[in-house]
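As a plain string of letters, each chain reads:
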Amino acid sequence: MSLNTPVILGIETSCDETAAAIVAGPELKSHVAASQIVHQAYGGVVPEYASREHEKLLAPVVENTMSQAHVTWWDIDGIAVTRGPGLAGSLLVGLSYAKGLAVALDKPVLGINHIEGHIFANFIGQEELPTPFLCLLVSGGHTQLIHVKDIQNYRLIGQTRDDAAGEAFDKVARMLGIGYPGGPLIDRLSQDGDPDFIAFPRSRFEGSYDFSFSGLKTAVLYYLQKQSNAFIKSHLADIAASFQQAVVSVLVERALQAAADLNLDRLVLAGGVAANSALRRLVDEQAPAQMTIYQPDLRYCTDNAAMIAYMGFWKYRNSQESELSIPAFPNLKLSFGT
Ligand code: KG4
Ligand code: ZN
């Protein structure tokens, strides 16, 4: 394939999603994901099971995505793979597979930062990036406001001081006894609820764009402890909607304030919580007219390999191949400048 349209296989195994995708240049050709249902019975991801499932599922998922894209092994120009952050054992399965393939095909490995994948998932298929912009990154592990000056040029504007937004959704769902993963379940349940039913607390820090969700989580817990089971059962949707409203209103308020203060007229949502329907609606409602809002396609909010393959395209284009000895990096962060 030509240098302008390299064919990149993307592999994502950082948590409980076994996923692979093919891009040709920036264009997505196929993507396949196998969600690991084994964890549902445990109410959360069991790391050891996650890596075993990745071992079982990865080869068929890769073959499936290749056949959907009508690509053979010999068409592949590079192998992009998530190197972190994530579960160590899970990351290792993807990395080892990618390295083996790289040696067999004599093609480069492109190690990808999962967080960067989430941010740029908004632009899959695009040759150019509309930088600069403000990114509200909201996932199971992260809640950050990032000034994206350009690809690989980031400044941290604010972040959570305790729980990530997705983590709060998952924990409150557990308190409500509605299952795992909590985010999508609370989102669905809230559609029938009154978001103003309870005024749960919203955190604010003077002179800072930081977030905090642990106080809100505790407020929900205390509220539930004071109510009868019958009351909770009959108002489950109202409680869920009120909690959700408390989270998304703070996210939107702070993101719009930061964008205004930084004179940025583009706001990009990214990460699993960007799939939340109330967040998507509120940001559209409250953004000033001159601001462009980017919300990733629902398929690319939560973990997927399309975003990894797309980042691989950028790395390949910029000749940023990784060493074959590249390690898994469970605590990998974005590197921030000033
Ligand atoms: O980005 P992601 O798939 O994985 C990480 O990199 O963390 O995000 C997963 C998080 C989970 O906490 C999940 O509950 C949350 O995203 N999530 C949602 C929704 N869909 C996923 N939270 C709120 N509303 C949703 N619709
Ligand atoms: Zn993720």
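Residues numbered from 1 in each chain as written. Chains lettered and ligands numbered in written order. Predicted model: local features only at pLDDT ≥ 70, side-chain atom pairs only at ≥ 80, totals over all residues. Heavy atoms only, no water.

> Any chance you could explain the packing of aromatic side chains here in plain terms?
Aromatic rings considered in pairs are described by the distance between their centres and by the relative angle of their planes. Within this structure, the stated rule accounts for 12 aromatic pairs. Taking 5.4 Å as the distance between ring centres and 70° as the angle between the ring planes, the aromatic pair formed by Phe 123 and Tyr 294 counts as edge-to-face. Separated by 171 residues along the polypeptide, Phe 123 in the loop between α3 (114–120) and β6 (133–138) and Tyr 294 in strand β10 (residues 292–294) bring together distant segments of the chain. Assessed through its relative accessible area of 0%, Phe 123 is described here as buried. The structure contains a cluster of three or more aromatic residues connected by ring pairs, namely Phe 120, Phe 123, Phe 133 and Tyr 294. Its guanidinium or amino end placed over the ring of Phe 205, Arg 161 lies 3.8 Å from that ring's centre, counting from NZ or CZ. (Phe/Tyr/Trp six-rings, centres within 6.5 Å; stacked < 30°, edge-to-face > 60°. Helix = DSSP H or I, 4+ residues; strand = E, 2+ residues; numbered from the N terminus. Buried < 20%, exposed > 50% of the residue type's maximum accessible area, 1.4 Å probe, protein only. Lys NZ or Arg CZ within 6 Å of the ring centre and 35° of its normal.)

> What is the right way to look at the site of ligand 1 in this model?
In the region of ligand 1, 19 residues are neighbours, and Gly 140, Asp 170, Gly 183, Asp 187 and Asn 276 sit closest. The contact in question runs from an oxygen atom of ligand 1 to an N or O atom on the backbone of Gly 141, over 3.5 Å. Between ligand 1 and the protein, one listed contact pairs a nitrogen atom with a side-chain N or O atom of Asp 187 at 2.9 Å. Starting from 550 Å² of accessible surface for ligand 1 in isolation, the protein chains cover 86%. When contributions to the shell around ligand 1 are tallied by element, the ones reaching two or more residues are α3, α4 (165–176) and α5 (182–190). Counted by class, the shell around ligand 1 contains 5 nonpolar, 11 polar and 3 charged residues. (Near = heavy atom within 4 Å. Polar contact = N/O pair within 3.5 Å; in protein donor to acceptor, adjacent residues only side chain to side chain. Areas by Shrake-Rupley, 256 points an atom, 1.4 Å probe, with all protein chains shown as cover. Nonpolar A, V, L, I, M, F, W, Y, C, P; charged D, E, K, R; others polar.)

> I tried to follow the pairing of strand β5 (residues 109–113) on my own but got confused; where do I start?
In regular strands, side chains alternate between the two faces of the sheet. Across the 5 residues of β5, 5 count as buried, placing the element largely inside the fold. Residues of β5 alternate between two faces, with Val 109, Gly 111 and Asn 113 on one and Leu 110 and Ile 112 on the opposite face, all of them buried. Each parallel crossover has a hand, and the one from strand β4 (residues 78–84) via helix α2 (residues 88–105) to β5 is right-handed. (Right-handed = clockwise from strand over helix to strand, strands pointing away.)

> Sorry if this is basic, but what is going on with the sheet that holds strand β2 (residues 17–24) here?
The pairing of strands in a sheet happens through backbone hydrogen bonds and is either parallel or antiparallel. An order of β3-β2-β1-β4-β5 is seen for the 5 strands of this open sheet, with the pairing classed as mixed. In this open sheet, the two strands that pair with only one neighbour each are β3 (27–35) and β5. Across the sheet, the mean angle separating the axes of adjacent strands is 20° when strand polarity is ignored. Inspection of the sheet shows strand β1 (residues 7–12) paired to β2 by 6 bridges, in the antiparallel sense. Bridge assignment links Glu 12 to a residue of β2, and that residue is Ala 19. Together, β1, β2 and β3 form the strand contacts of helix α1 (residues 47–69), whose direction differs from that of β2 by roughly 25°. (Pairing = 2+ DSSP bridges. Axes fitted to C-alpha atoms, helices over the stretch in contact; angles between N-to-C directions. Contact = heavy atoms within 4.5 Å.)

> What is the right way to look at the domain arrangement of the protein chain in this model?
You'll often see interface size given as the accessible area lost when the parts meet. Structurally, the protein chain comprises domain 1 (7–126 + 301–317) and domain 2 (133–296). One C-alpha centre belongs to domain 1, the other to domain 2, and the line joining them spans 27 Å. Contact with domain 1, which involves 18 residues of that partner, is made by 22 residues of domain 2. In this assembly, domain 1 packs against domain 2 so that about 1,600 Å² is buried in total across both faces, 72% of it on carbon and sulfur atoms. Area buried by domain 1 at its contact with domain 2 is led by Ile 119, Asn 122 and Cys 301, which between them contribute 36% of it. For the pair domain 1 and domain 2, the interface holds 0 salt bridges. Here domain 1 is connected to domain 2 by 4 residue pairs in polar contact (both at pLDDT 80 or more). Ranked by the residues each element gives to the side of domain 1 that touches domain 2, the list is headed by α3, at 5 residues. Of the residues in the side of domain 1 that touches domain 2, the class split is 9 nonpolar, 6 polar and 3 charged. (Domains from an automatic or database assignment. Buried area = accessible area lost by both parts, 1.4 Å probe. Salt bridge = Lys/Arg side-chain N within 4 Å of Asp/Glu carboxyl O.)

> Would you mind going over the environment of Pro 330 with me for this structure?
Considering the arrangement of structural elements, one finds Pro 330 in the segment after α10 (306–317). Expressed as a C-alpha distance, the spacing of Pro 330 and Gly 125, which sit 205 residues apart in the sequence, is 28 Å. Once residues lying within four places of it in the same chain are set aside, the contact partners of Pro 330 are Pro 85, Gly 86, Ala 88 and Leu 91.

> Can you walk me through the nonpolar core in this structure?
Taken as a class, soluble globular proteins show a tendency for nonpolar side chains to be buried jointly. Among the nonpolar cores identified, the biggest contains 49 residues, and Leu 136, Phe 200, Phe 243 and Leu 251 are the most heavily contacted of them. Listed by contribution, the elements that provide at least two residues to this core are β6, α4, α6 (214–226), α8 (236–261), β9 (266–270) and α9 (277–286). No other element matches the 14 residues that α8 contributes to this core. When neighbours within four sequence positions are excluded, Leu 136 is seen to be in contact with Gln 144, Leu 145, Phe 211, Leu 251, Ala 255, Leu 267, Val 268, Leu 269, Ala 270 and Leu 279. (Core = buried A, V, L, I, M, F, W, Y, C linked by side-chain atoms within 4.5 Å.)

> Got a minute to help me understand the coordination of the zinc ion (ligand 2) in this structure?
The expected angle between donors at a tetrahedral four-coordinate metal is 109.5 degrees. At an octahedral six-coordinate metal it is 90 or 180 degrees. Around the zinc ion (ligand 2), the protein contributes the donor atoms His 114 (NE2), His 118 (NE2) and Asp 303 (OD), at 2.0 to 2.1 Å from the metal centre. In this structure, the zinc ion (ligand 2) is coordinated by 4 donor atoms arranged in tetrahedral fashion, with angles at the metal of 94 to 127°. Counting gaps between the donor residues of the zinc ion (ligand 2) yields the pattern H-x3-H-x184-D. Highlighted residues: His 118 in helix α3 and Asp 303 in the loop between β10 and α10, separated in sequence by 185 residues. (Donors = N, O, S within 2.8 Å, 3.2 Å for Na, K, Ca; no water. Tetrahedral: all angles 85-135°; square planar, octahedral: opposite > 155°, others 65-115°.)

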